[in-house]
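Survey of secondary and tertiary structure
These are the residues of each chain, in order.
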Amino acid sequence: MSAYATIAFKPDRCNGCNECMSACAAVKGSAGQIDSRIQIVAANDSFELAMCRQCGDPKCVAVCPAAALAKNEGSGVISWDGGKCVNCLLCTVGCAYGGIVHNAAAGHVVKCDMCDAAVAGAPACVKACDQGALQFITSARIYNEVGDLEDLFVPGLSGCQGCNTELIMRHALRRVGPETVLATPPGCIPGMGAVGYNGLTGTKVPVFHPLLTNTASMLTGIKRHYKRQGREMTAMALAGDGGTSDVGFQSLSGAAERGEEILFICVDNEGYMNTGMQRSSCTPYGAWTSTTPVGERGQGKSQDAKNMPVLMMMHNCAYVATASTGFMEDLYAKLDHAIAASKHGFAYLHIYSPCTTGWRFPSQDNIEVARKAVETNFVMLWEFTPEAGLTLSRPLDQARPLTEYLKAQGKYRHLSAEQIVHIEASLAKNVAFIEKLAGPRKPATAQQAAVRA
Amino acid sequence: MNAVLQPKPNYIVCDGNEAAAWAVSLAQVDMVAVYPITPQSSLVEYLAKFIADGRLGAEIVDVEGEHSVLSVLQGATLAGARTYTASCGPGLAFMFEPYMRTPGMRLPMVMTIVTRDTLTPQSVWGGHQDAMSVREVGWIQIYCENLQEILDTTIMAYRIAEHHDVMLPVNVCHDGNYLSFATGRVELPDAAEVAAFLGQRDVNWHVALDPDRPMAVDPLTGGAGGPGPALFVRYRKGQCQGMQNSLAVIEEVHADWARRFGRHHAPLVEAYRMDDAELALVTLGSMTGAAKDAVDEARARGQKVGLAKVKTYRPFPAKKLAEILAPVKAVAVVDRSVSFGWNCGPLYQDTLAALQASNIPAMSCIGGLAGADITITHFARVIEACAELAEKRSPVDTLWLNEHD
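About the cut-offs
Residues numbered from 1 in each chain as written. Chains lettered and ligands numbered in written order. Predicted model: local features only at pLDDT ≥ 70, side-chain atom pairs only at ≥ 80, totals over all residues. Heavy atoms only, no water. Helix = DSSP H or I, 4+ residues; strand = E, 2+ residues; numbered from the N terminus. Rg over C-alpha atoms; globule rule 2.2 N^0.38 Å. Buried < 20%, exposed > 50% of the residue type's maximum accessible area, 1.4 Å probe, protein only. Contact = heavy atoms within 4.5 Å. Areas by Shrake-Rupley, 256 points an atom, 1.4 Å probe, with all protein chains shown as cover. Lys, Arg positive; Asp, Glu negative; His and termini not counted. Charge placed at Lys NZ, Arg CZ, Asp CG, Glu CD. Disulfide = S-S within 2.5 Å. Phe/Tyr/Trp six-rings, centres within 6.5 Å; stacked < 30°, edge-to-face > 60°. Domains from an automatic or database assignment. Buried area = accessible area lost by both parts, 1.4 Å probe. Salt bridge = Lys/Arg side-chain N within 4 Å of Asp/Glu carboxyl O. Polar contact = N/O pair within 3.5 Å; in protein donor to acceptor, adjacent residues only side chain to side chain. Nonpolar A, V, L, I, M, F, W, Y, C, P; charged D, E, K, R; others polar. Pairing = 2+ DSSP bridges. Core = buried A, V, L, I, M, F, W, Y, C linked by side-chain atoms within 4.5 Å. 1 Å grid on protein atoms, 1.4 Å probe; cavity = no way out; pocket = protein on both sides within 12 Å on 5 of 7 lines; lining within 4 Å. Points joined across faces, edges and corners; volume = space filled by probe spheres on them. Axes fitted to C-alpha atoms, helices over the stretch in contact; angles between N-to-C directions. Parallel < 35°, antiparallel > 145°, perpendicular 65-115°, else oblique.

Another point: the overall build of chain A. When helices and strands are counted, chain A shows 18 helices and 16 strands. By the compact-globule yardstick of 22 Å for 453 residues, chain A fits well, its C-alpha radius of gyration being 24 Å. Its C-alpha atoms put chain A at 70 × 60 × 45 Å along the principal axes. A total of 453 residues make up chain A; the buried ones form 50% of that total. Put simply, 66% of the contacts in chain A that link residues at least 6 apart link residues at least 24 apart. Entry remark: accessible area of chain A is about 19,500 Å², with carbon and sulfur atoms responsible for 54%. Both charge centroids of chain A, one from 40 positive and one from 40 negative side chains, sit 3 Å from each other.

Written out as structure tokens, the structure reads:
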């Protein structure tokens, strides 16, 4: 199956000119912007899009009693058949995006049909947008773009089924490129063969096991020497949360304080998963691990997680960000920012990476668990530079209930009502803290817009 | 670019820590990583000053602890740098994790141990317990007797470490307090001649972290079956061979140093007044000066006493020591540290092992712990005890020299 073409909306580029709505109305012979099948809606100090998303699992189709709506498997477009429609308007209730609405002049529902883009090149609204806020792209674009870069890990790494750390590793190293020295301290990453076994290597770039304790220090020596020789290269770490937040913290803190030019990526699966799922300081409160077991007197970890990315922010690093494999476009953008920052200072990227084995959920649910973490605010996505301070990448108007996230994982199965109250209270406190650091919501800065371009 | 100011005249007056720093400047190292600890601190201060003054064109990394000191330098060495640092006592203990790994990676690094007794009881004074505690880790260990030997040996250490038959890290040990702060005249060799003596640095030809030569450094080996354990065994065997190879290399390098600079230091073991000797002292480090005086006094009294100073302690020059001691009737070994497992000194154990083919009786003497002075008088007691041993030929208890000072 090939990827579908889709209309993507970048709210930070939209200036509210509504030319897209005029263009749609003109092409579709509607009365005016009010009847356009694309609606730009002002919200707070930004814009939102009301339009058909051509969903993969369309609710409009599901609720239609007359089979008047159908998803075209070839184009992905959801089509409306006037001959079958009984005008019940159930589809307008089923859609959460305002993507199908009753048009009084036409006397029936209307929705975006992508202007038969195969003929037109791009839908009329996209052509009319001179800000680049509307783009006509294939939905797998980001993966395809990274896929064009050379995969610098060998095939056949041996991660657990459903682990997304391999996704992070391969795509991060592709983005960084071959002029790299890669450190993978003991943990899942070398555990799945990144450094190889018995004389065989797992990567196409120079790679090594530092000690669990000295990743940032060894990279310091490497980077400083090459810099002294005038050689451009990236000193990069792919470390777990244990090697980052526990025993590796001293050397990390030292390197960050000295502003060493290092790209340090922490893949946080909230524990020592490679050695059998023991507790780390990044393990959240209440979580079962093999060293915080559940029994008559123990109910999982009894302390909150160390907020590692905030600690790194307090080192005033050149760049600090959090990311999630549930939001790959955001992750890629941050990876680019981190790589750029590592050319002049310490760049720290903290990627939350659910562990199918250690967190006890079905292996196919990894991305879903990652997404729920962000949508419940359990994981907050943000980035920090000394110049711009902390910026929320994905502020939520309304977070989903935390229990949706907790219930998705077996490691929280034992939680009591009191424990859930504790987690909710800690979460609320953390959200308030991060939002306070972020300050009032503001449109994207010119610098961020430039990076996104 | 490295630039070393040529001092005129070639003599300077300095302490042992500064002598080491001068040697590092003359070796034109690329990187030093530093963290202060008594009695090493002034050494890294001299280095920082040399670099700040532009006298030494090296990168300096002021890290947050000894663990990172060695880790930074391992990274730099893998990238091709000639490096240096110094530590001791608790700092060496904190450094132990990367320290243990250095010889296995065959990194030709040079590090001074400004020897210090270990905790506890709390002490900041000299003693060999720190260096002795790491004697089986796989670093070459060379002990200095005086200031000139510190300077000369520290330079020579680079050529020994970087020799392709060796490729192992070297500890140059000089005694905390006694050598670190003792001041005297030291002759500085000519910078260009030192550069010619050391040659081009070539420290990562065998293992590198270099994007132009991608390789996996230290992948997992071992296990119960398959090629892993055999790979590991061959590797270890090679590491031991490198240690043994260093004995000849150390001799060769000292001979070349003598040829070029006119100063000869006994490379493995120095024999002092051993001709016709019937009793022998075995010493290590700065205590040797007082011991030699005691030997001279005994000789003046008509006692046939000599001395063997062990300079290269790891690998242990067993053959050389046995050869020097072969003619004597009894041996007294003086240690500035203890072996807790055997209730004696570690150098004594090594000497016993070296003498195992002979039937020469030997005894262990322990002195100089935590900065205690081993005086000529103490050595006179040692000689007396040794003479008694030669006569009675029965085992004697360990002699604790400073117990009642």
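Take the state of the cysteines next. Counted under the stated rule, the structure contains zero disulfides over all chains. In this structure Cys52 of chain A is not part of a disulfide, and its nearest cysteine sulfur, from Cys112 of chain A, lies 6.1 Å away. The class of Cys52 of chain A is buried, set by a relative accessible area of 12%. Of all cysteine sulfurs in the structure, the one in Cys173 of chain B sits closest to Cys240 of chain B, which takes part in no disulfide; the separation is 19 Å.

Residues and elements named next belong to chain A. Applying the stated criterion across every chain yields a total of 12 aromatic pairs over all chains. Taken together, a centroid distance of 4.7 Å and an interplanar angle of 40 degrees make the contact between Phe378 and Tyr405 tilted. You can see Phe378 sitting in the loop between α15 (366–375) and β15 (382–385) and its partner Tyr405 sitting in helix α16 (residues 402–406), a full 27 residues away along the chain. Residue class for Phe378 comes out buried when judged on its relative accessible area of 17%.

So, on to the domain arrangement of chain B. All names here are of chain B. Taken as a whole, chain B is organised into domain 1 (10–206 + 240–261) and domain 2 (269–400). Just the C-alpha atoms count here: the centres of domain 1 and domain 2 sit 27 Å apart. Residue-level contacts link 29 residues of domain 1 with 28 residues of domain 2. Summing the contributions of domain 1 and of domain 2, the shared interface buries around 2,300 Å²; its carbon and sulfur component is 52%. Linking domain 1 with domain 2 are six salt bridges, by the criterion used here. Between Arg314 and Glu136 there is a salt bridge whose closest N-O contact spans 3.0 Å. The interface formed by domain 1 and domain 2 holds 22 residue pairs in polar contact (both at pLDDT 80 or more) in total. Counting only elements with at least two residues in the side of domain 1 that touches domain 2, the list comes to α6 (129–133), β6 (140–143), α7 (147–162) and α9 (227–261). Take the side of domain 1 that touches domain 2: its biggest share by element is six residues, from α9. Here the residues of the side of domain 1 that touches domain 2 sort into 13 nonpolar, 10 polar and six charged.

On to the interface of chain B and chain A, then. In this assembly, 45 residues from chain B lie in contact with 37 residues from chain A. Overall, the association of chain B and chain A removes approximately 3,000 Å² of surface from exposure, summing both partners, and the carbon and sulfur fraction of that is 56%. In terms of surface lost to chain A, no three residues of chain B exceed Glu64, Leu209 and Pro211 of chain B, which account for 20% of the buried area on that side. Remark: the boundary between chain B and chain A carries five salt bridges. Note that Arg224 of chain A is salt-bridged to Glu59 of chain B, the shortest N-O span being 3.0 Å. Inspection of the region where chain B meets chain A yields 17 residue pairs in polar contact (both at pLDDT 80 or more). The set of elements that each furnish at least two residues to the side of chain B that touches chain A consists of β3 (59–62), α3 (66–78), α5 (96–101), β9 (216–217) and α9 of chain B. Top element by residues in the side of chain B that touches chain A is α3 of chain B. It accounts for eight residues. Along the lines of polarity and charge, the residues of the side of chain B that touches chain A split into 24 nonpolar, 12 polar and nine charged. Bridging between strand β10 (residues 207–208) of chain A and β9 of chain B involves two bridges; their strand directions are parallel.

Residue position: Pro123 of chain A is located in the loop between α4 (117–120) and α5 (124–128). Remark: the alpha-carbon pair of Pro123 of chain A and Arg279 of chain A, spanning 156 residues in sequence, is separated by 52 Å.

Residue and element names in this part refer to chain B. One pass over the full model with this rule turns up 43 salt bridges over all chains. The residue Lys309 makes a salt bridge to Glu145 at a minimum N-O spacing of 3.0 Å. Taken together, the residues span a long stretch of sequence, with Lys309 in strand β12 (residues 305–310) and Glu145 in the loop between β6 and α7 at a distance of 164 residues. On the basis of relative accessible area, Lys309 is assigned to the buried category, the value being 2%. Between Asp350 and Arg314 there is a salt bridge, with the nearest N and O atoms lying 3.2 Å from each other.

Counting 168 residues, the largest nonpolar core has Phe346 and Trp382 of chain A together with Tyr84 and Tyr99 of chain B as its most contacted members. Of the residues forming this core, the biggest block, nine residues, is contributed by α7 of chain B. The residues touching Phe346 of chain A, leaving out its near neighbours within four places in the chain, are Leu252, Ala255, Ala256, Gly259, Glu260, Ile262, Phe264, Met312, Cys317, Ala318 and Tyr319 of chain A. Among the nonpolar cores identified, the runner-up in size contains 36 residues, and Met169, Ala194, Met236 and Ala321 of chain A belong to it.

Another aspect to go through is the layout of surface pockets. Residues and elements named next belong to chain B. Here the second largest pocket is characterised by a volume of approximately 1,100 Å³. If you trace the second largest pocket, you find 38 residues lining it, with Gly104, Met105, Asp218, Tyr235 and Arg236 closest to the centre. When residues of the lining of the second largest pocket are traced back to their parent elements, those giving at least two are α5, β9 and α9. For the lining of the second largest pocket, the element with the highest residue contribution is α9, accounting for seven residues. Of the residues assigned to the lining of the second largest pocket, the class counts are 21 nonpolar, nine polar and eight charged.

Moving on, we get to the packing of helix α9 (residues 215–228) of chain A against helix α11 (residues 249–258) of chain A. The packing of two helices is summarised by the inter-axis angle and the distance between the axes. All names here are of chain A. Running from N to C, α9 and α11 cross one another at 40 degrees; their axes reach a closest spacing of 7 Å. Considering the angle they form, α9 stands oblique to α11. Contacts between α9 and α11 involve Thr215, Ala216, Ser217, Thr220 and Arg224 from the former and Ser251, Leu252, Ala255 and Arg258 from the latter.

Turning our eyes to something else, we now look at unusual backbone geometry. With an omega dihedral of 15 degrees, the bond running from Thr120 of chain B to Pro121 of chain B counts as a cis peptide bond. Locating Pro121 of chain B in the fold gives a position in the loop between β5 (110–115) and α6. For the bond from Arg314 of chain B to Pro315 of chain B, the omega torsion is -5 degrees, close enough to zero to count as cis. Note on placement: Pro315 of chain B falls in the loop between β13 (312–314) and α11 (318–325). At Asn87 of chain A, a position not held by glycine, the phi torsion is positive, near 60 degrees. Here Asn87 of chain A falls in the partly exposed class, since its relative accessible area comes to 38%. Positive phi values are uncommon outside glycine, yet Gln28 of chain B reaches one of about 50 degrees.

Before going further, it helps to examine the sheet that holds strand β4 (residues 83–87) of chain B. Strand pairing in a sheet relies on backbone hydrogen bonds. The paired strands run either parallel or antiparallel. All names here are of chain B. Spatially, seven strands are ordered β3-β2-β4-β5-β7-β6-β13 in an open sheet, and the strand pairing comes out mixed. Only two strands of the sheet have a single neighbouring strand rather than two, namely β3 and β13. Along the sheet, successive strands turn relative to each other by an average axial angle of 25 degrees, direction set aside. When β4 meets β5, the two strands line up parallel, connected through four bridges.

A word on the sheet that holds strand β15 (residues 362–366) of chain B. Residues and elements named next belong to chain B. The strand order across the open sheet built from six strands is β10-β12-β11-β14-β15-β16, with neighbouring strands paired in mixed fashion. Edge strands, defined here as strands with exactly one partner in the open sheet, are β10 (269–272) and β16 (399–400). By the bridge criterion, four bridges tie β10 to β12 in an arrangement that is antiparallel. If you follow Ala271 over to β12, its bridge partner there is Ala308. The sheet strands contacting helix α10 (residues 287–300) are β10, β11 (279–284), β12 and β14 (330–335), and the helix crosses β12 at an angle near 165 degrees. Each of β11, β12, β14 and β15 is contacted by helix α12 (residues 346–354), which is oriented at about 150 degrees to β14, the strand it contacts most.

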